[in-house]
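Understanding the architecture of this molecule
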Amino acid sequence: MQNLPRLSFLGCGSMNEAILGGILAGGFPADRITATVRRSERAAELRTRYGITVLAGSEDDGANRTAAADANVLIVGVKPVGVRAMLTEVAASLSPGAVVVSVAAAVPLELMEAALPAGAQVIRTMPNTPAKLGRGVTALAPGSAATRESVDLVHSLLSNTGRVVEVLEGQLDAVGSVSGSGPAYAFYLAEAMAKAGVDLGLDPELAAVLAAETVAGAGAMLAEPGADAASLRKAVTSPNGTTEAAIRVFGERDLPATIAAGMAAAADRSAEITAELTAAS
């Protein structure tokens, strides 16, 4: 037990809570985790739900500094615009050798490293919300001072939330457009399917169940070893059948191009946010 790191979640919004839930579900002990939040009501909610230590308060209250001083791994889960201020706040409180992990989109490693003491170990990640169920995917990009040992530690911790891959920082905008934002695309598809079902005469509740379970089941099939999306689609698409009729309409209306354009817009917006943050630093 003594060899396990102590974790601090600085900020516990939806993404950091998803990671927290996944790590705990993987068997990590709650008594080695601290989280910080702004509101006392939220702190009480998280304590009850997860059995972890939760500190509430503003910068003046020192909750973040206290949590940082106690941690081997800090997982920073505030909004991108607040990352630099958070790191500046806790910089002097970091334990020697502590690893700082960011889950915020678009915040470059260079900006984070500049806010921390020289040689601080920083790892930038791009997770997604299915992490809470152990079905997430997280890409990580190590900073210039992050050791192999630290990267492996973070990889091991996050593996409790699902699949973990290591990428170059320059690939993270693209990763975000695929997997970071990807759950929203799947939910959007389920919404559209349910609405179309209602238009075709189904009860709204039934249509919602059919759409949700279909998307979830298809995702489970894709997660099987060796699964290939194109092959699975073709296996369901009988010649001259109903599925082929639907796929033909999707192709005629160039659904793949629409999806590609949306994902490009997501990647472009991430790059814009990076530029804005860098200009403001």
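Residues numbered from 1 in each chain as written. Predicted model: local features only at pLDDT ≥ 70, side-chain atom pairs only at ≥ 80, totals over all residues. Heavy atoms only, no water.

1. Some thoughts on the nonpolar core
Counting residues in each nonpolar core, the largest one holds 32 residues, and the members touching the most others are Leu7, Phe9, Leu20, Ile33, Ile52 and Ile123. Elements that contribute at least two residues to this core include exactly β1 (7–10), α1 (14–25), β2 (33–37), α2 (40–50), β4 (73–76), β5 (99–102) and α6 (148–158). The dominant element in this core, judged by the number of residues it contributes, is α1, at six residues. Setting aside its immediate chain neighbours within four residues, phenylalanine 9 contacts Asn16, Ile19, Leu20, Ile23, Ile33, Thr34, Ala35, Thr36 and Ile75. (Core = buried A, V, L, I, M, F, W, Y, C linked by side-chain atoms within 4.5 Å. Buried < 20%, exposed > 50% of the residue type's maximum accessible area, 1.4 Å probe, protein only. Helix = DSSP H or I, 4+ residues; strand = E, 2+ residues; numbered from the N terminus. Contact = heavy atoms within 4.5 Å.)

2. Considering unusual backbone geometry
Despite not being glycine, asparagine 240 shows a phi value in the positive range, around 60°. Relative to the helices and strands, asparagine 240 resides in the loop between α10 (229–236) and α11 (242–252). The backbone of aspartate 254 sits at a positive phi, close to 55°, despite the residue not being glycine. Tracing the chain through its elements places aspartate 254 in the loop between α11 and α12 (255–280). When its relative accessible area of 42% is taken as the criterion, aspartate 254 is described as partly exposed.

3. Examining the pattern of salt bridges
In the structure shown here, the tally under the stated rule is 13 salt bridges. For arginine 49, the salt bridge is made with glutamate 17, and the minimal N-O distance between the two is 2.4 Å. Highlighted residues: arginine 49 in helix α2 and glutamate 17 in helix α1, separated in sequence by 32 residues. The residue arginine 269 makes a salt bridge to glutamate 276 at a minimum N-O spacing of 3.2 Å. The partly exposed category is assigned to arginine 269, whose relative accessible area is 38%. (Salt bridge = Lys/Arg side-chain N within 4 Å of Asp/Glu carboxyl O.)

4. Describing α6
Those residues of α6 that sit buried are Ser150, Val151, Val154, Leu157 and Leu158. All buried residues of α6 fall inside an arc of 125° around its axis, so they share one side. (Arc of directions from axis to C-beta.)

5. So, the side chain of arginine 32
In this structure, arginine 32 sits in the loop between α1 and β2. Polar contacts involving the side chain of arginine 32 include one to the main-chain carbonyl oxygen of leucine 4, which spans 2.6 Å. (Polar contact = N/O pair within 3.5 Å; in protein donor to acceptor, adjacent residues only side chain to side chain.)

6. Digging into the sheet that holds β2
Sheets are built from strands that pair by backbone hydrogen bonding, the pairs being arranged parallel or antiparallel. Taken in spatial order, the eight strands of this open sheet run β3-β2-β1-β4-β5-β6-β7-β8, and their pairing is mixed. On the outer flanks of this sheet lie β3 (53–56) and β8 (162–166), each paired with one strand and no other. Across this sheet, the average inter-strand angle for adjacent strands is 20°, counted without regard to direction. Its contacts with the sheet put α1 on β1, β2 and β4, and the angle it makes with β1 is roughly 160°. Each of β2 and β3 touches α2; the most contacted strand, β3, lies at about 175° to it. (Pairing = 2+ DSSP bridges. Axes fitted to C-alpha atoms, helices over the stretch in contact; angles between N-to-C directions.)

7. Here we look at the pairing of strand β7 (residues 136–142)
In terms of burial, β7 is largely enclosed, as five of its seven residues are buried. Pairing between β7 and β8: five bridges, direction parallel. The residue of β8 that forms the bridge with leucine 140 is glutamate 166. Handedness of the crossover joining β7 and β8 through α6 is recorded here as right-handed. (Right-handed = clockwise from strand over helix to strand, strands pointing away.)

8. Quick look at the pairing of strand β6 (residues 121–126)
Counted residue by residue, β6 has six buried out of six residues, so it is predominantly covered. Burial along β6 is two-sided: Gln121, Ile123 and Thr125 facing one way and Val122, Arg124 and Met126 facing the other are all buried. The pairing of β5 with β6 spans four bridges and is parallel. By the bridge assignment for β6, valine 99 is matched with glutamine 121. For the crossover from β5 across helix α5 (residues 109–114) to β6, the handedness is right-handed.

9. Let's talk about a nonpolar patch on the surface
Side chains of Val249, Phe250, Leu255 and Ile259 sit close together on the surface and give an oily, nonpolar patch of about 310 Å² of accessible area. When contributions to the nonpolar patch are tallied by element, the ones reaching two or more residues are α11 and α12. Valine 249 gets classed as partly exposed once you look at its relative accessible area, which sits at 33%. (Patch = residues over 30% accessible without salt bridge, like charges linked within 9 Å, V, L, I, M, F, W, Y side chains within 5 Å. Areas by Shrake-Rupley, 256 points an atom, 1.4 Å probe, with all protein chains shown as cover.)

10. What about the environment of glycine 119?
Relative to the assigned elements, glycine 119 resides in the loop between α5 and β6. C-alpha separation for the pair glycine 119 and glycine 97, spaced 22 residues apart in sequence, amounts to 9.2 Å.

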